[in-house]
Amino acid sequence: MTASTGQGPTERRRLMAILAHPDDESLGFGGVLAKYAAEGVATTVVTATRGQQGWAGDPRGRPDALALGRLREAELRAATQALGVHDLVILDYQDGALAHADPEEATSVLVTLLRRLRPDVVVTFGPDGAYGHPDHIAISQLATAAVCAASDSAYRDPQRLAPHSVAKLYYLAITATLAAGYEALFGELAIVIDGTVRRQVIWPDWAVTTHLDTSAHWAAVVRAVACHASQLPRELRLAELPPETHRQLWGRQCFYRAMSRVSGGRQRETDLFAGVAAGGDGGAER
Ligand SMILES: [Zn+2]
């Protein structure tokens, strides 16, 4: 069911990103992953699908779903290496159909991962799915359900692992600046779902709980984004863009603190691990 490239849990702080597609980890979460990996946090990316539907190239050259999945898996592996991510887990769900996955089965798979790898902090998409993408919305719901279930001693995963309480759960928050930067580079982000056009959902500034400075890591993010050649506009020359453009796109990441056992209030956070004890089991700082 899963393919893993890295080590198991360590006594370091641990971060897990639970995402839908290859490229989410770079385009959406590249800054946060590169920053914490560089700071020695054990980072895991869980990608639910192989992105078998995504193709930005010439339609005449589009590979079949199996071949495209293989290509995108290779791109994902290269991108996570560029970000310094320690552990990559790829699940077998179908791109474009995550909302139709059996929620009990999918929750159970994620609970097993949470209980095995025991992250202090989990990041995922918010209920808006960044731009209403059904797979992003589905993984947000599944990750949230799994974080709740993983801590419930009455919930039995197939491997009967010990419960694990994640200390903090975060949702990605798109700010107006970031949304404008994405569209300048990749064109208008819009998808039609059930006859309705969905576009990027801008979070009001007051709702953003956590601002991360990832400006020291933008070059790693650019290298990771460049790995996803099958998803990038052919005319895009990432390497030729001015550093200021890159810094604006990848130098700041914003999140909404959806759940925390260790911190609260309206004061803006600048660290996902604020309040989390180092080397603990998701517990509060003592
Ligand atoms: Zn995605």
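Each chain carries its own residue numbering, running from 1 in the direction its sequence is written. Reporting of local features is limited, given that this is a predicted model, to residues whose pLDDT is at least 70; pairs of side-chain atoms are given and counted only at 80 or more, and all residues count toward the totals for whole chains, interfaces and linings. Side-chain descriptors were evaluated using all non-hydrogen atoms of the structure, hydrogens and water having been removed beforehand.

(A) A look at the packing of aromatic side chains. Each pair of aromatic rings taken from Phe, Tyr and Trp, with Trp reduced to its six-membered ring, is defined by centres within 6.5 Å and is described as stacked if the planes are under 30 degrees apart, edge-to-face if over 60, and tilted in the remaining cases. The full count for this structure, using the stated rule, is 8 aromatic pairs. With centroids separated by 6.2 Å and ring planes inclined at 65°, the aromatic side chains of Y182 and W250 adopt a geometry described as edge-to-face. One end of the pair, Y182, is in helix 7 (residues 176-186); the other, W250, is in helix 9 (residues 243-250), with 68 residues separating them in the sequence. This pair shows no difference in class: Y182 is buried, exactly as W250 is. Put simply, the rings of F29, F125, Y170 and F255 pair up and form one aromatic cluster. Definition used: whenever NZ (Lys) or CZ (Arg) falls within 6 Å of the ring centre and also within 35 degrees of the ring normal, the charge is taken to sit over that ring. The aromatic ring of Y36 is capped on one face by K35, whose charged end is 5.1 Å from the ring centroid. Labels follow the DSSP assignment, with helices taken as runs of H or I lasting at least four residues and strands as runs of E lasting at least two, numbered in each case from the N terminus. Burial here depends on accessible area, computed with a 1.4 Å probe over protein chains only, as a share of the maximum for the residue type. Under 20% is buried, over 50% is exposed, and the range in between is partly exposed.

(B) Here's a closer look at helix 2 (residues 30-38). Within helix 2, 8 of the 9 residues are buried, which leaves it mostly tucked inside the rest of the structure. For helix 2, the full list of buried residues reads G30, G31, V32, L33, A34, K35, Y36 and A37. Positive backbone phi, at 90°, marks G40, one or two positions downstream of helix 2.

(C) Here's a closer look at the side chain of E73. Mapped onto the elements of the fold, E73 is located in helix 3 (residues 65-83). Contacts between residues were defined by any pair of non-hydrogen atoms, one from each residue, lying within 4.5 Å. Discounting chain neighbours no more than four positions away, the residues touching E73 are R50 and I90.

(D) Summary view of the pairing of strand 5 (residues 121-124). Residues V121 and V123 point to one face of strand 5 and V122 and T124 to the other, with burial holding for every one of them. Note: two strands are recorded as paired if DSSP finds a minimum of 2 bridges between them. Pairing geometry for strand 2 (residues 14-19) and strand 5, over 3 bridges, is parallel. Counted as the bridge partner of A17 is V123 from strand 5. Looking at chain direction, strand 5 and strand 6 (residues 168-172) are connected through 4 bridges and run parallel. Within the sheet, the bridge partner assigned to V123 lies in strand 6 and is Y170.

(E) Main features of the nonpolar core. Ranked by internal contacts, the top residues of the largest apolar core, which has 75 residues, are L15 and L272. Every residue in contact with L15, bar those within four places of it in the chain, is listed here: V32, L33, Y36, V41, A42, T43, T44, P119, V121, V123, L272 and F273. Definition used in this section: a nonpolar core is a set of buried Ala, Val, Leu, Ile, Met, Phe, Trp, Tyr and Cys residues joined via side-chain atoms within 4.5 Å. Within the second largest apolar cluster, 5 residues are counted, among which are A173, W203, A207 and C254.

(F) Quick peek at the layout of surface pockets. There is about 750 Å³ of room inside the largest pocket. Lining of the largest pocket is provided by 27 residues; of these, D23, L27, Y131, L189 and Q231 occupy positions nearest its centre. Contributing elements (two or more residues each) for the lining of the largest pocket: helix 1 (24-28), helix 5 (129-132), helix 7 and strand 7 (190-193). With 3 residues, the single largest contributor to the lining of the largest pocket is helix 1. Of the two site types, the cavity is a set of points on a 1 Å grid over the protein atoms alone where a 1.4 Å probe fits but cannot get out, and the pocket is an open set with protein on both sides within 12 Å along at least five of seven lines, each lined by residues with an atom within 4 Å of a point. Grid points are joined across faces, edges and corners, and a volume is the space filled by probe spheres set on the points.

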